[in-house]
Amino acid sequence: MKKAFLLVLLMVSVYFAGCKRISDTFLAFTEADNMKKAIAHNITELDFYAKDIVVVTEEQNSGNDSNLDAGAVLLVDISDNETLYASNAYKSMYPASLVKLLTSLIVLEDGELTDTVSISRNAVKIAESRARVCGFKEGDSVSLETLLNCLLVYSGNDAAVAIAEHIAGNEEEFVKLMNSKALQTGATASRFANPHGLHDDMQYITAYDIYLIFNKLLKYDTFRSIINKADFEAEYLESSGNIKKKSFKSTNQYLTGDVQAPEGIDVIGGISGTTRKSGSCMILLCRDDKGSEYIAIILDAKDNNTLYTQMSYLLSLTATR
């Protein structure tokens, strides 16, 4: 009865708030259940989780460092399976390009990197004016491996659409595959609506869920290799029959040398993304000078400079252990 009442209340609120505020209402409705859902899974379905997965408890999730005021923050030592810092790890957040991690997992688990992908008209028509695109043309022939590199190194949204269409036939079917794959990975408190992360009111993640997806990706040497690249040169066949070469610079400023990581920390790689509603987001794989590896996540920093300032501070916490 209580759930039914809340659902009615939600529908009424959405109706009067209008489409612009549907997202805020929905996130508020789902947020309170996410920690309960994640903890319940870990209590009742322990066999569902791999032994190398950490569980962020309610006590651990109470980080209140004033230097880390982003919407959600998570730092995990994946060598010792230990949570080092967590704040709002189960809070529903808009994901920006971190969605591309799930797209990449599907490529590595269900795709063939040697496949040739024909770029469709739909893939080159990204509607959002400021969206990052690789600049493929309709009819170009690109290997799936090249598209995966463009997706992770340059964060190309047209590459994401081309991947989705090649693997599932169209974006709608690929989204179904994404949500199924997320559940298989243990990401039970997230919902996906497109393969690239451009804003959709009904697409959201939690820091904990994106940690689960990223942690699984790290099992693939191909993924580790790609996210470590400061740049990538794509070679593909244009629709005209000519061979095209195009260079793409990583969006990761630690890799390009534009931002320096704390002393003793080597940033192996990761991805970032920004939309107006998601704020600035980033996930990184790092290694300290003792060989221990860490996953660091920041969601909804107020801008890119704040994102890197807070990420560097978060990484510096590994040295205080």
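As shown above, the structure is provided for reference.
Residues numbered from 1 in each chain as written. Predicted model: local features only at pLDDT ≥ 70, side-chain atom pairs only at ≥ 80, totals over all residues. Heavy atoms only, no water.

(A) The arrangement of the overall build of the protein chain in detail. Looking only at helices and strands, the protein chain features 10 helices and nine strands. Expressed as a percentage of the 321 residues in the protein chain, the buried residues total 51%. Only carbon and sulfur atoms are counted for the fraction: they give 49% of the accessible area of the protein chain, which is about 15100 Å². (Helix = DSSP H or I, 4+ residues; strand = E, 2+ residues; numbered from the N terminus. Buried < 20%, exposed > 50% of the residue type's maximum accessible area, 1.4 Å probe, protein only. Areas by Shrake-Rupley, 256 points an atom, 1.4 Å probe, with all protein chains shown as cover.)

(B) Highlighting the pattern of salt bridges. Considering all chains together, one arrives at 10 salt bridges under this definition. Across the pair K277 and D201 runs a salt bridge, and its minimum N-O distance is 3.5 Å. Placement of K277 in the loop between β7 (265–275) and β8 (279–288) and of D201 in the loop between α6 (171–185) and α7 (207–217) is noted, with a sequence separation of 76 residues between them. On the accessibility criterion, K277 (30% relative accessible area) is partly exposed. Bridged by salt links that share partners, the residues E109, D110, K181 and K216 form one connected network. (Salt bridge = Lys/Arg side-chain N within 4 Å of Asp/Glu carboxyl O.)

(C) Examining the packing of aromatic side chains more closely. Counted under the stated rule, the structure contains six aromatic pairs. Both rings, one in Y254 and one in Y308, keep their centres 5.2 Å apart while their planes meet at 55°; by these two values the pair is tilted. Taken together, the residues span a long stretch of sequence, with Y254 in helix α9 (residues 253–256) and Y308 in helix α10 (residues 304–316) at a distance of 54 residues. Relative accessible area serves as the criterion here: at 9%, Y254 is assigned to the buried category. Among the residues examined, Y308 registers a relative accessible area of 5% and is labelled buried. Chaining the aromatic ring pairs together yields one cluster made of Y90, Y208 and Y211. One residue, R132, lies across the ring of Y154, its end atom 4.6 Å from the ring centre. (Phe/Tyr/Trp six-rings, centres within 6.5 Å; stacked < 30°, edge-to-face > 60°. Lys NZ or Arg CZ within 6 Å of the ring centre and 35° of its normal.)

(D) Summary view of the pairing of β8. With nine of 10 residues buried, β8 is to be regarded as a mostly interior element. Here β7 folds back onto β8 in antiparallel fashion, the turn holding three residues. In sequence, β8 turns back onto strand β9 (residues 293–301) through a hairpin of four residues, with G291 there showing a positive phi of about 95°. (Pairing = 2+ DSSP bridges.)

(E) Main features of the environment of L315. Structurally, L315 is set in helix α10. The spatial distance from the C-alpha of L315 to the C-alpha of I295 is 9.4 Å, given a sequence separation of 20 residues.

(F) Representation of helix α5 (residues 157–168) within the structure. Given a rise of 1.5 Å per residue, 12 residues ought to cover 16 Å, and the 17 Å separating the end C-alpha atoms of α5 matches this to within 8%. Burial of α5 is extensive: nine of the 12 residues sit out of reach of the surface. Considered for burial, the residues of α5 that qualify are N157, D158, A159, A160, V161, A162, I163, A164 and E165. If you follow the buried residues of α5, they end up packed against α3 (100–110), β3 (116–118), α4 (144–154) and α6. Phi for G169, located one or two positions after α5, is positive at around 95°. (Expected span 1.5 Å × (residues − 1). Contact = heavy atoms within 4.5 Å.)

(G) Just the packing of α3 against α7, in detail. At a minimum axis separation of 10 Å, α3 and α7 run at an interaxial angle of 35°. Where α3 crosses over α7, the handedness of that crossing is left-handed. On α7, the residues that touch L101, L102, S104, L105, L108 and E109 of α3 are I210, I213, F214, K216 and L217. By residue class, the composition of the contact of α3 with α7 is eight nonpolar, one polar and two charged. (Axes fitted to C-alpha atoms, helices over the stretch in contact; angles between N-to-C directions. Left-handed = near helix turned anticlockwise from the far one by under 90°. Nonpolar A, V, L, I, M, F, W, Y, C, P; charged D, E, K, R; others polar.)

(H) Just the sheet that holds strand β2 (residues 82–87), in detail. Read from one edge of the open sheet, five strands run β2-β1-β9-β8-β7, paired in antiparallel fashion. Unpaired on one side and paired on the other, β2 and β7 mark the two borders of the sheet. Strand-to-strand twist across the sheet, computed as the mean angle between neighbouring axes with direction ignored, equals 10°. Judged from the 10 bridges that link them, β7 and β8 form a sheet pairing that is antiparallel. Within β8, the position partnered with I265 by the bridge is D288.

(I) Layout of the environment of D52. Position of D52 relative to the elements: it lies in the loop between α2 (22–44) and β1 (72–77). D52 sits in the partly exposed class, given a relative accessible area of 26%. For the pair formed by D52 and E82, sequence separation is 30 residues and the distance between their alpha carbons is 9.6 Å.

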